[in-house]
Each structure stands twice: as C-alpha cells, then as structure tokens.
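# Remarks on the overall topology
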Amino acid sequence: MHPIIKLVAQRLSLGILLLFAASVLIFAGTIMLPGDVAQQILGQGATPVSLANLREELGLNTPPVTRYFNWLGGVLQGDLGTALTNGRDIAESISGRLKNTMFLAFWAAVISVPLAIFLGLLAVRYKDRWPDKTISAVTLTTISIPEFMIGYILVYWLAIKFRWFPSVAIINDSMSLLEKLNAIALPVMVLTLVVLAHMMRMTRAAILNVMQSAYIETAELKGLPMLTVIRKHAFPNAVAPIVNVVMINMAYLVVGVVVVEVVFAYPGMGQYLVDHVTKRDVPVVQACGLIFAAVYIGLNLIADIVSIVTNPRLRHPK
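Our subject in this report is the structure included herewith. Sequence order as written defines residue numbering, which begins from 1 separately in each chain. Reporting in this predicted model follows two pLDDT cut-offs: at least 70 for local features of residues, and 80 or more for side-chain atom pairs to be given and counted; totals over whole chains, interfaces and linings ignore these cut-offs and use all residues. Side-chain figures throughout are based on the complete set of non-hydrogen atoms in the structure, without hydrogens or water.

### Topic: the overall build of the protein
Note the cut-off: By the criteria applied, helices consist of DSSP H or I runs no shorter than four residues and strands consist of E runs no shorter than two, each listed in order from the N terminus. When a residue's accessible area, from a 1.4 Å probe over protein chains only, is under 20% of the maximum for its type it is buried; when over 50% it is exposed; and in between it is partly exposed. Reported accessibility uses the Shrake-Rupley method at a 1.4 Å probe radius. Residues are deemed covered only where the shown protein chains occlude them.
Each helix and strand counted, the protein has 16 helices and zero strands in total. Considering the protein as a whole, with its 318 residues, one finds that 40% of them fall into the buried category. Element-wise, carbon and sulfur atoms account for 66% of the exposed surface of the protein, whose accessible area totals about 17300 Å².

### Regarding the environment of Val 257
Selection criterion: Every residue pair with non-hydrogen atoms within 4.5 Å of one another is taken to be in contact.
Secondary-structure assignment places Val 257 in the loop between α12 (239-255) and α13 (258-263). Spatially, the C-alpha atoms of Val 257 and Glu 147 are 9.5 Å apart, while their sequence positions differ by 110 residues. Residues within four places of Val 257 in sequence aside, it is in contact with Thr 101, Leu 191 and Tyr 252.

### Topic: the side chain of Asn 249
Along the chain, Asn 249 falls in helix α12. Among the residues examined, Asn 249 registers a relative accessible area of 6% and is labelled buried. If near-sequence neighbours (up to four positions away) are discounted, Asn 249 is found in contact with Val 195, His 198 and Met 199.

### Observations concerning the packing of aromatic side chains
Pairs of aromatic rings are described using the distance from one ring centre to the other and the angle between the two planes. Using the following cut-off: Aromatic rings from Phe, Tyr and Trp, taking only the six-membered ring of Trp, are treated as a pair when their centres fall within 6.5 Å; an angle between ring planes under 30 degrees marks them as stacked, one over 60 as edge-to-face, and anything in between as tilted. Only when the NZ atom of a Lys or the CZ atom of an Arg is both within 6 Å of the ring centre and within 35 degrees of the ring normal do we say a charge sits over the ring.
The full count for this structure, using the stated rule, is 11 aromatic pairs. With 6.1 Å between their ring centres and 50 degrees between their planes, Tyr 68 and Trp 71 make a pair best called tilted. Pair noted here: Tyr 68 and Trp 71 are both in helix α4 (residues 64-76), with a separation of three residues, about one helical turn. Across the pair, Trp 71 and Tyr 68 agree in class, each one buried. Site record: aromatic cluster; members linked through ring pairs are Phe 20, Phe 27, Tyr 68, Phe 69 and Trp 71. The positively charged end of Lys 180 is found above the aromatic ring belonging to Phe 103, 5.8 Å away from the centroid.

### Some words on unusual backbone geometry
Phi at Arg 163 is positive, roughly 55 degrees, even though this residue is not glycine. When you line up the elements, Arg 163 lands in the loop between α7 (147-161) and α8 (177-183). By relative accessible area, Arg 163 is classed as exposed at 68%. For Ala 265, which is not a glycine, the phi torsion comes out positive at approximately 50 degrees. By the secondary structure assignment, Ala 265 is in the loop between α13 and α14 (269-278).

### Quick word on the packing of helix α5 (residues 90-125) against α12
Operational definition: For every element, the axis is a line fit to its C-alpha atoms; helices are fit only across the contacting stretch, and the angle between N-to-C directions ranges from 0 to 180 degrees. Left-handed describes a crossing whose near helix is turned anticlockwise from the far helix by less than a right angle; the clockwise case is right-handed. Note on residue classes: Ala, Val, Leu, Ile, Met, Phe, Trp, Tyr, Cys and Pro are nonpolar, Asp, Glu, Lys and Arg are charged, and everything else, Gly too, is polar.
Between α5 and α12, the least distance of the axes is 9 Å, while the angle of their chain directions is 145 degrees. In this structure, α5 meets α12 at a crossing whose hand is right-handed. In contact with Thr 101, Met 102, Ala 105, Ala 108, Ala 109, Ser 112 and Val 113 of α5, α12 contributes Val 246, Met 250, Leu 253 and Val 254. Considered class by class, the residues forming the contact of α5 with α12 number nine nonpolar, two polar and no charged.

### Quick look at the packing of α12 against helix α15 (residues 282-309)
Under the convention used in this document: Under this scheme an angle from 65 to 115 degrees is roughly perpendicular, one under 35 degrees roughly parallel, and one over 145 degrees roughly antiparallel; angles in between are oblique.
Axis separation between α12 and α15 bottoms out at 9 Å; the angle between their running directions is 170 degrees. The orientation of α12 with respect to α15, classified from their angle, is roughly antiparallel. Mapping the contact onto sequence places Ala 240, Val 243, Asn 244, Met 247, Ile 248, Met 250, Ala 251, Val 254 and Val 255 in α12 and Phe 292, Val 295, Tyr 296, Leu 299, Asn 300, Ile 302, Ala 303, Asp 304, Val 306 and Ser 307 in α15. Counted by class, the contact of α12 with α15 contains 15 nonpolar, three polar and one charged residues.

### Describing the environment of Pro 64
Within the fold, Pro 64 resides in helix α4. The exposure class assigned to Pro 64 is partly exposed, which follows from its relative accessible area of 41%. In sequence terms Pro 64 and Phe 27 are 37 residues apart; their C-alpha atoms lie 9.0 Å from each other.

### Description of a nonpolar patch on the surface
Test applied: Excluding any residue in a salt bridge, patches collect residues exceeding 30% relative accessible area, merging like charges within 9 Å and nonpolar Val, Leu, Ile, Met, Phe, Trp and Tyr side chains within 5 Å. Take a side-chain nitrogen of Lys or Arg and a carboxyl oxygen of Asp or Glu: if they are within 4 Å of each other, that pair is a salt bridge.
On the surface, Ile 145, Phe 148, Met 149, Tyr 152, Ile 153, Tyr 156, Trp 157, Ile 160, Phe 162, Trp 164 and Val 259 cluster together to form a nonpolar patch covering roughly 1100 Å² of accessible area. The element contributing the most residues to the nonpolar patch is α7, with seven residues. Position of Tyr 156 relative to the elements: it lies in helix α7. Looking at Tyr 156, the relative accessible area reads 39%, which means it is partly exposed.

### Structural notes on α4
Selection criterion: Each residue after the first adds 1.5 Å to the expected span of a helix. By construction, the arc corresponds to the directions joining the helix axis to the C-beta atoms.
The terminal C-alpha atoms of α4 lie 18 Å apart, and with 13 residues this matches the ideal 18 Å at 1.5 Å per residue to within 8%. Among the residues of α4, those classed as buried are Tyr 68, Trp 71, Leu 72, Gly 74 and Val 75. Summarising the axial view, the buried residues of α4 lie within an arc of 160 degrees, below the 170-degree limit, and thus occupy one face. Projecting away from the buried face of α4 at angles above 90 degrees are the exposed residues Val 65, Asn 70 and Leu 76. Where α4 is buried, its residues meet α1 (3-31) and α15. Of the residues one or two after α4, Gly 78 is the one with positive phi, at around 85 degrees.

### Remarks on the side chain of Gln 271
Among the structural elements, Gln 271 can be located in helix α14. For Gln 271, a relative accessible area of 14% puts it in the buried group. When near neighbours in sequence (up to four residues on either side) are disregarded, Gln 271 contacts Arg 97, Glu 261, Val 262, Ala 265 and Tyr 266.

Structure below.
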C-alpha cells in the first residue's frame, strides 16, 4: 500500500475514534450537570407525580449507558432528538442556525486567511524592519484583547458613534447578500482580528524557518529578488504548518463563535446553544456539542491530510 494512502486511512480511523470519544464525553458531561431537567421544565410548582411522569416520558429513569446508545443510534440515523423546551425537531432547528454560522465563518475566513498570509510574507520580506515590527505589534495587541471587548469597542465606535454598521447582526432569508454582509460586518471584523494574529505569526515563523535552508541560500546567491525567493521557494515548502494553523483557526471560526454571536445577538449555533443551556435543554446541548466536535475534528483531519499530501518524501517514496 502506498504510504500516503496508509497514513490517510490511519488519520481517518483516528478521527472517527476521536469523534466517538467526544460523543461519550459530551453525553457524560450533560447528564452529570447539577439540577433536575424535569424540575426545570415544569417549574417550582410541579407535583411529585407530574415530575415522575415527565422523567419517565423523557427516559430519565433509564440507565445512562442505554440512553447513550439510544442517542448515538439516533444520531447515526440523522435524528438529533427533540428539544425539551418547545418540542421541535433539533435537526430542523439547527440546520438554519448552522447555515448562519457557516455564512459568518466563511466571510471571516475569506478576509482573514489571504490577509494573514500576505502580512506574514510582508513581515518576512522586511524582517526586523519597521513593517515587520508594526505588523507584529498590532497583531499581538489584537490577540491579547478578549473578543467580547473588541466587539464592544467596535460597536461603540462604528455602530453608535459613526453609525456605519448595525450594532445587532440580525439576518434572514429575505435579505439580499449586500444587506447580510452589512449586518455581519462587525462580527466579521471581530473574528478577523482574533484569528489574524495567530495565522500571520505562524506564516512568518514557518517561512523564516524555511529561509534558513541551503537551497534558499543558493537561490539568493543566484541573484534572485527576495520576493521571488519567498514566493517560489520558501512559501511552497512552508505550506504544511501554515495549512495546520489555518485549519485550526477555521475550526475556531465555527466552534468558537459563541461569545461573538452572543455579543451581536447573531442567530447562529452559538446563540442557539447559549439559549438552551440556560433552559437546561439537554438534547439541544448534546446535539450542538457533537456538531462542534465533528467540525473541529473534521477540519483538523483535513489539515493532517494536506500536510501528508504536500510532503515530498511521502509522495515519492524510495
């Protein structure tokens, strides 16, 4: 078997195993939460008989192991369960929310990834000079500030003071693309500033590491311009670590948007999760947690596979 096929198969198997382990942790974590789900649903005025009947209806009297495998079996068939608070199908409710979150993450990625790579290349080109120092200082400042603080600062200046963008990112299917982009402008800015620094610094570090190689010195001795050396020789050989950090940050754009969505009241997965955590809607929390875990593991799998495929020693084994 070709080494690349073997390694890819191993990574896929490991990803499935990790997702299974994540499902166990998510289910165990939700059932160990303090409090009584039935009591939360019925309120303080519930009678012992009504509580017992609701627990029986929800299957809370069933052993946890049996409940887990029933839940996992439903997930494998595409059934995420029913929300306890409103009785709606979770998969149907999540589909629209997930679409909104992916829409937000997509536009943040479209801006942040090319910009991070460009700034990383620019910092390498002017290493230890004022452009490099300025870029590093700005990105370190943004990565040091919590995203909710950046969000509130942007809301104050861009939404309240200058009234350029709306302070609440509400979108719906009746809006045009331009209207949606105007609505999500502020959360996209926040996400871009948060992930930009990490990707830029990793791009800079990866290219600088490659620049110390002998073939780079040979290219420089040939008299090639520095930008040509970086573009044609250094950057292609630094792709693997750059792809890894880009995928990790893409996972953050989908999984870590909870705070940003809450700040801007954005109708995405993060806001949906927070709303149902406060209501102790356990099936919704489990479904959201599993989707977030699947996205994170999936994007990291893609990064691993790209790193394997771009490795010349694996593409051309002796």
